[in-house]
Amino acid sequence: EDRKKKLDEVLKKIPAGVKAQSHLRRGVVASELIAAAREIDADVVVIATHGRTGLSHLIFGSVAERVVRECQCPVLTVREKAHGMLGEGAGGKKG
């Protein structure tokens, strides 16, 4: 319930005229994102990335990288730290 409210708040910030949808699912993040994009015939997927490199990338992998490789539609990746994609308490620091 709380996560759905957070998604709804993000949607409110999207400019008028831009069609956007949010979906709340459980499972392996990349797999669920790719499946959702296919199911709704998405025009584009926008995903934040931590931009990890080296050992941390090797250990943690990259959800964004997998989505870019396997998604049937175009994928726009943005660095979440550089663009304030995540607010405080959501895994990132704003600003």
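Residues numbered from 1 in each chain as written. Predicted model: local features only at pLDDT ≥ 70, side-chain atom pairs only at ≥ 80, totals over all residues. Heavy atoms only, no water.

What about the overall build of the protein chain?
Okay, so step 1: Check the secondary structure of the protein chain and you find five helices and two strands.
Okay, so step 2: Here the contacts in the protein chain between residues at least 6 apart in sequence split such that 51% fall between residues at least 24 apart.
Okay, so step 3: Here the protein chain displays about 7500 Å² of accessible surface, and carbon together with sulfur accounts for 54% of that area. (Helix = DSSP H or I, 4+ residues; strand = E, 2+ residues; numbered from the N terminus. Contact = heavy atoms within 4.5 Å. Areas by Shrake-Rupley, 256 points an atom, 1.4 Å probe, with all protein chains shown as cover.)

Looking at the pattern of salt bridges
Okay, so step 1: Taken as a whole and assessed by the stated rule, the structure comprises seven salt bridges.
Okay, so step 2: The closest approach of N and O atoms between E32 and R25, which form a salt bridge, is 2.8 Å.
Okay, so step 3: Under the relative-accessibility criterion, R25 is labelled partly exposed at 34%. (Salt bridge = Lys/Arg side-chain N within 4 Å of Asp/Glu carboxyl O. Buried < 20%, exposed > 50% of the residue type's maximum accessible area, 1.4 Å probe, protein only.)

Quick word on the nonpolar core
Okay, so step 1: One finds A30, I34, A37, A42, V45, I47, A64, V67, C71 and C73 forming the largest nonpolar core, which totals ten residues.
Okay, so step 2: Looking at this core, the elements with two or more residues in it are α2 (29–39), β1 (45–49) and α4 (63–70).
Okay, so step 3: The biggest single contributor to this core is α2, with three residues. (Core = buried A, V, L, I, M, F, W, Y, C linked by side-chain atoms within 4.5 Å.)

Things to note about the packing of α2 against α4
Okay, so step 1: For the pair α2 and α4, interaxial distance at closest approach is 9 Å and the crossing angle is 35°. Of the two elements, α2 crosses α4, and the hand of that crossing is right-handed. The residues of α4 that touch α2, namely those facing V29, A30, S31, L33 and I34, are V63, R66, V67 and E70.
Okay, so step 2: When its residues are assigned to classes, the contact of α2 with α4 shows six nonpolar, one polar and two charged. (Axes fitted to C-alpha atoms, helices over the stretch in contact; angles between N-to-C directions. Left-handed = near helix turned anticlockwise from the far one by under 90°. Nonpolar A, V, L, I, M, F, W, Y, C, P; charged D, E, K, R; others polar.)

What to know about the pairing of β1
Okay, so step 1: The two faces of β1 differ: V45, I47 and T49 on one face are buried, but V46 and A48 on the other face are not.
Okay, so step 2: One ladder, built from five bridges, connects β1 with strand β2 (residues 75–79); its direction is parallel. By the bridge assignment, V46 is partnered in β2 with L76. (Pairing = 2+ DSSP bridges.)

Concerning the environment of V28
Okay, so step 1: Within the secondary structure layout, V28 lies in the loop between α1 (2–12) and α2.
Okay, so step 2: In this structure V28 comes out as exposed when scored by relative accessible area, which is 54%.
Okay, so step 3: Separated by 35 residues in the primary sequence, V28 and V63 place their C-alpha atoms 9.3 Å from one another.

What to know about a nonpolar patch on the surface
Okay, so step 1: Taken together, the side chains of V44, V46 and L76 present a nonpolar region at the surface, about 260 Å² in accessible area.
Okay, so step 2: Note on placement: V46 falls in strand β1. (Patch = residues over 30% accessible without salt bridge, like charges linked within 9 Å, V, L, I, M, F, W, Y side chains within 5 Å.)

Some words on unusual backbone geometry
Apart from glycine, the bulk of residues carry a negative phi angle, and the bulk of peptide bonds sit in the trans form.
Okay, so step 1: The phi dihedral of D41 is positive, around 55°, even though this residue is not glycine.
Okay, so step 2: Note on placement: D41 falls in the loop between α2 and β1.

Shape is all these values report; function is a separate question.
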